[in-house]
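# A closer look at the structure
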Amino acid sequence: MDKNFVKNRIEKLKKEIAFHRYQYHVRDLESMSQEALDSLKNELFKLEQEFPDLVTSDSPTQRVGGRPLDKFKKAAHSSRMLSLFDAFNKQDMADWEARNIKILFPRPPLLIRRGGGAQRRGGGVDLGGYFCELKLDGIAIALRYENNSLVQAITRGDGRIGEDVTGNIKTIDSVPLNLADKIKNIEVRGEIIMTKAVFKELNQKYKKANKPELKNPRNAAAGSVRQLDPKLAAERKLDFIAYEIVADMGLKKNEEKRELLARLGFKTLRENKYCANLEAVNKMHAHWEKNRDNLPFEVDGMVVKVNDLALWNILGTVGKGPRYMMAYKFAGIQVTTRIKEVVWQVGRTGVLTPIAVLEPANVGGVTVTHATLHNMDEIKRLKLKIGDTVILERAGDVIPKVIKALPKLRTGKEKTIIAPKKCLICASDIKKIKGEVAHRCINNDCYAVNLRRLSHWTSKGAVDIEGLGPKIIEQLMKEGLISDVADFYSLAAGDLKPLERFADKSAENLVDSIQVKKNILLERFLIGLGIRHIGEESALFLAAESRRQTADGRQENKISQIKRIFSDYTIEELENLPDIGPIVARSVYDWFHNKLNIELLNKLEKAGVVIDIAHLKTRKRPSELSGKAVVLTGSLKSLTRERAKAKIRELGGKISSAVSPKTDLIVAGKDPGSKFEKAKELGVKIISEEEFLKMIK
Ligand code: IVH
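Residues numbered from 1 in each chain as written. Predicted model: local features only at pLDDT ≥ 70, side-chain atom pairs only at ≥ 80, totals over all residues. Heavy atoms only, no water.

When its secondary structure is counted, the chain shows 24 helices and 30 strands. Its C-alpha atoms give the chain a radius of gyration of 34 Å, clearly above 26 Å, the size a compact globule of 697 residues would have. Each principal axis of the C-alpha atoms in the chain carries an extent, and together these give about 95 × 80 × 50 Å. Going through the 697 residues of the chain one by one, you find that 47% of them count as buried. Intrachain contacts of the chain at a sequence separation of at least 6 include 67% that bridge at least 24 residues. By element, 51% of the accessible surface of the chain is carried by carbon and sulfur atoms, the whole surface being about 36,000 Å². Averaging the coordinates of the 121 positive side-chain charges in the chain and doing the same for the 92 negative ones gives two points 3 Å apart. (Helix = DSSP H or I, 4+ residues; strand = E, 2+ residues; numbered from the N terminus. Rg over C-alpha atoms; globule rule 2.2 N^0.38 Å. Buried < 20%, exposed > 50% of the residue type's maximum accessible area, 1.4 Å probe, protein only. Contact = heavy atoms within 4.5 Å. Areas by Shrake-Rupley, 256 points an atom, 1.4 Å probe, with all protein chains shown as cover. Lys, Arg positive; Asp, Glu negative; His and termini not counted. Charge placed at Lys NZ, Arg CZ, Asp CG, Glu CD.)

Shown next, in the form of structure tokens:
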């Protein structure tokens, strides 16, 4: 990488990180998620490692924790409270192990043994395994015990000097005030946390009392420890989990600390365990990355510790942290990455969708390389440019989303994103349709549009033809065997056999799987046609509606019947159908009034495709109540409220409990209350019980 470029990038990263840290730590504003900030810090760290001479003392990578606050008494630590280096993936972990091996075995061919249990065996090196702990997301604290009693509790502060928060810490039940064993001097370090359950409970309480809510469990824990009033701190129900002992207790392995701590009366984690090698570490990491939500507290990774304590002295520390430990972070749901390029994908309706090609980023445990930017409006809203550093988010199973650009990190070489003027596939004009956000290829015969259309027909949500995915379809198109969906049905095994990737058997199988799906449920047929705005729901409504019209049982070929029914509708009639809005109505109308589409239906009919409607229930004719928001008020004489509600729903109406400008109708029984008054005020139509009965007859 060009050094000047890196230098520039480092300067910008430092500024950006400093800005958000200030917002968070000083102004108490979260201007960027801690995860996204970590992602930027990691990029900075990696660049600094590559160019160590570019590290400056003001770099955020050189900093341990925050400064001690003024309001507490300062206290010096017995030994520095360090920070940890971060690893984000298997490679980082392998690099870390390799570095340690190099330090422990500086001359590779020699079979030297330097302290502890590290040894070369055969070709490999064994450091004696790791003790892996969950990395609790709270606030680190050092507890000093003298002659068995807790004498002082100190926050990390800058690592050398922290705040004396003894009074507050003493309110935490899981902090033993006296140790179970007699020990003259010992310091125990661990994490103060707030469990998810307590966090939730407190916030519910604060909400009710109209008090400001806590941001997250980590903040809540940190804030409570630094409360000046111990009574308030006590109310926060914090927890303490121990992981470290600073005193020579004659231990040989890190894993022994847990037993000793437990014996002394501390809470430790049962989930922590010994892992013999990095493979086991990675396995444990993958397990908790996936199952972290099931833990009662928040964790942001694992702390992997060389188990052999004799090696700790040899490995020592460097900069802000020890070499013998590594924070192996879980993938955050937010990371920062860069937009390398924007490509435009042509959909089955000809709509062009901009897709950001990203520098690969691990977000929420998945490597993401592309993210849809939806349309030009979204690009404008986010003020995105090609080359921008962006925050990418992926929560749960949700598709990855670019949520923000970081314009301050620009170099000036970023490029504006422009929608193409010509289709990249067929070179036809691209038009922005009035009233729509989308750009569209106007060529009905565009190769890309056709490919999408054909793939859509065979996809799971539509006709679901096994073995007929986009790759095969593209091959068939290129061979000139198909150009529309009706062509699938005239394919013969003999057409396919000579083609690449096909053998006798596979050719026959494909033809079979096409033929067995010749009988198509009406709603899936409608979905398959790719009429714009028709999804699963609206296809079902339309199918049910046409079933009503075919209930007279006339025996004609079903495709012609469907063609007749839908071509006969006027726009108004379509709009008046229950559950069909004006956009869908317009789209259905246009589709059935396009000559090419009617030809396609005729072709499908000729090919022997049959529509199946037997499973559809006939629907009631649209009633006066369909789609109406109805409110009931006062008592009804002739039927119960439940019965009345059921009847309204049966006729397609919706029940609301309150009157608003959206209410269509009020049924007023005896002694109507305030709803009646409000309806009068808003001019909502009011009917009596008698009128209502007539309506539902
Ligand atoms: S050992 C050199 N073990 O992570 C620091 N730390 O990012 C040694 N943490 O300051 C810490 N769980 O607040 C250790 N099982 C664990 C931990 C843990 C959470 C925190 C701790 C530390 C921070 C470093």
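Now that the structure has been shown, we can carry on.
Right, let's get into empty space enclosed by the protein. In total, this model carries one cavity of 30 Å³ or more according to the counting rule given. Each pocket or cavity is described by its volume, and for the largest cavity that value is around 50 Å³. Counting residues per element, the ones that place at least two in the lining of the largest cavity are β5 (130-136), β10 (239-246) and α8 (255-264). A per-element tally of the lining of the largest cavity places α8 first, with three residues. Here the lining of the largest cavity is composed, by residue class, of five nonpolar, two polar and three charged. (1 Å grid on protein atoms, 1.4 Å probe; cavity = no way out; pocket = protein on both sides within 12 Å on 5 of 7 lines; lining within 4 Å. Points joined across faces, edges and corners; volume = space filled by probe spheres on them. Nonpolar A, V, L, I, M, F, W, Y, C, P; charged D, E, K, R; others polar.)

Across the sheet, which stays open at both edges, the four strands sit in the order β7-β6-β9-β10 with antiparallel pairing between neighbours. With partners counted over all chains shown, the strands left at the sheet margins are β7 (149-155) and β10, one partner each. Between one strand axis and the next, the sheet turns through 30° on average, direction left out of account. With six bridges connecting them, strand β6 (residues 139-146) and β7 associate as antiparallel partners. (Pairing = 2+ DSSP bridges. Axes fitted to C-alpha atoms, helices over the stretch in contact; angles between N-to-C directions.)

Quick look at the nonpolar core now. Among the nonpolar cores identified, the biggest contains 56 residues, and W457, F488, Y489, F525 and L604 are the most heavily contacted of them. In terms of residues, this core owes the most to one element, helix α20 (residues 582-592), which gives five residues. When residues no more than four places from it in sequence are discounted, the contact partners of F525 are W457, I520, I559, L601, L604, V609 and I611. Core analysis: the second largest hydrophobic core is formed by 38 residues, L104, L295, M326 and A327 among them. (Core = buried A, V, L, I, M, F, W, Y, C linked by side-chain atoms within 4.5 Å.)

Before going further, it helps to spend a moment on the sheet that holds strand β27 (residues 629-633). Taken together, four strands build an open sheet; the order of strands is β28-β27-β29-β30 and the sheet is parallel. On the outer flanks of this sheet lie β28 (654-655) and β30 (685-688), each paired with one strand and no other. As paired elements, strand β29 (residues 665-668) and β30 share four bridges and run parallel to each other. The partner of V667 across the bridge, within β30, is I687. Contacting β27, β29 and β30, helix α23 (residues 674-682) runs over the sheet at an angle of about 135° to β27. Docked against the sheet, helix α24 (residues 689-696) engages β29 and β30, running at close to 90° with respect to β30.

As a further point, take the packing of helix α3 (residues 90-104) against helix α9 (residues 278-291). Two elements in contact, α3 and α9, have axes separated by 11 Å at closest approach and are oriented at 150°. For the pair α3 and α9, the crossing hand works out as right-handed. Across the interface between the two elements, K90, M93, A94 and E97 from α3 touch L278, V281 and N282 from α9. (Left-handed = near helix turned anticlockwise from the far one by under 90°.)

So, about the layout of surface pockets. By volume, the second largest pocket amounts to about 1,000 Å³. Lining the second largest pocket are 36 residues, and of these N444, R453, W591, N594 and N597 sit closest to its centre. Within the residue set of the lining of the second largest pocket, elements represented by two or more residues are β24 (439-441), α12 (447-458), α20 and α21 (595-606). Across the lining of the second largest pocket, the residue classes break down as 13 nonpolar, 12 polar and 11 charged.

Relative to the 16 Å expected for 12 residues at 1.5 Å per residue, α12 spans 17 Å between its end C-alpha atoms, a close match to the ideal helical length. Here α12 lies mainly inside the structure; nine of its 12 residues are buried. All of the buried residues in α12 are A448, V449, N450, L451, L454, S455, H456, W457 and T458. Residues of α12 that are buried make contact with β16 (334-346), α13 (470-478), β25 (519-521), α16 (522-528) and α21. (Expected span 1.5 Å × (residues − 1).)

With respect to spatial proximity, 15 residues lie near the ligand, and among them E133, L136, E191, Y243 and K305 are the closest. In the environment of the ligand, a nitrogen atom lies 2.7 Å from a nitrogen or oxygen atom belonging to the side chain of E133. Residue K135 places a side-chain N or O atom 3.3 Å away from an oxygen atom belonging to the ligand. Elements that contribute at least two residues to the shell around the ligand include exactly β5 and β12 (299-306). If one sorts the elements of the shell around the ligand by residue count, β5 sits on top with four residues. Here the shell around the ligand is built from residues that sort into nine nonpolar, one polar and five charged. (Near = heavy atom within 4 Å. Polar contact = N/O pair within 3.5 Å; in protein donor to acceptor, adjacent residues only side chain to side chain.)

Moving on to the pairing of β29. Successive side chains on a regular strand alternate, one facing one side of the sheet and the next facing the other. Going residue by residue along β29, you find L665 and V667 tucked away on one face and I666 and A668 tucked away on the opposite face as well. By the bridge criterion, four bridges tie β27 to β29 in an arrangement that is parallel. Note on β29: the bridge partner recorded for V631 is I666. Once you follow β29 into α23 and on to β30, the crossover reads as right-handed. (Right-handed = clockwise from strand over helix to strand, strands pointing away.)

The next thing to look at is the environment of K675. Positionally, K675 belongs in helix α23. Distance from K675 to G634, taken between C-alpha atoms, is 9.0 Å for residues 41 residues apart in sequence. Within the structure, the side chain of K675 is placed 3.1 Å from the backbone oxygen of S657, a separation counted as a polar contact.

In the predicted model, the chain carries a mean pLDDT of 88, and the fraction of residues at 70 or more is 93%. Across the chain, the element-wise mean pLDDT spans from 58 in strand β3 (residues 119-121) up to 98 in β5. (pLDDT = per-residue confidence, 0-100.)

On the surface, a cluster of negative charge is contributed by D568, E572, E573 and E575. Sorting elements by how many residues they give to the negative patch places helix α19 (residues 571-576) first, with three residues. Within the secondary structure, D568 is located in helix α18 (residues 558-568). (Patch = residues over 30% accessible without salt bridge, like charges linked within 9 Å, V, L, I, M, F, W, Y side chains within 5 Å. Salt bridge = Lys/Arg side-chain N within 4 Å of Asp/Glu carboxyl O.)

You can see N42 is positioned in helix α2 (residues 34-50). The buried category is assigned to N42, whose relative accessible area is 15%. Note: C-alpha distance between N42 and L600 (558 residues apart in sequence) is 56 Å.

For the structure on display, the rule yields 33 salt bridges. K73 serves as the salt-bridge partner of D164, at 3.8 Å between the closest nitrogen and oxygen. Of this pair, D164 sits in the loop between β8 (161-163) and α4 (166-169) while K73 sits in the loop between α2 and β1 (74-76), placing them 91 residues apart in sequence. Taking relative accessible area as the criterion, D164 reaches 13% and is therefore assigned buried.

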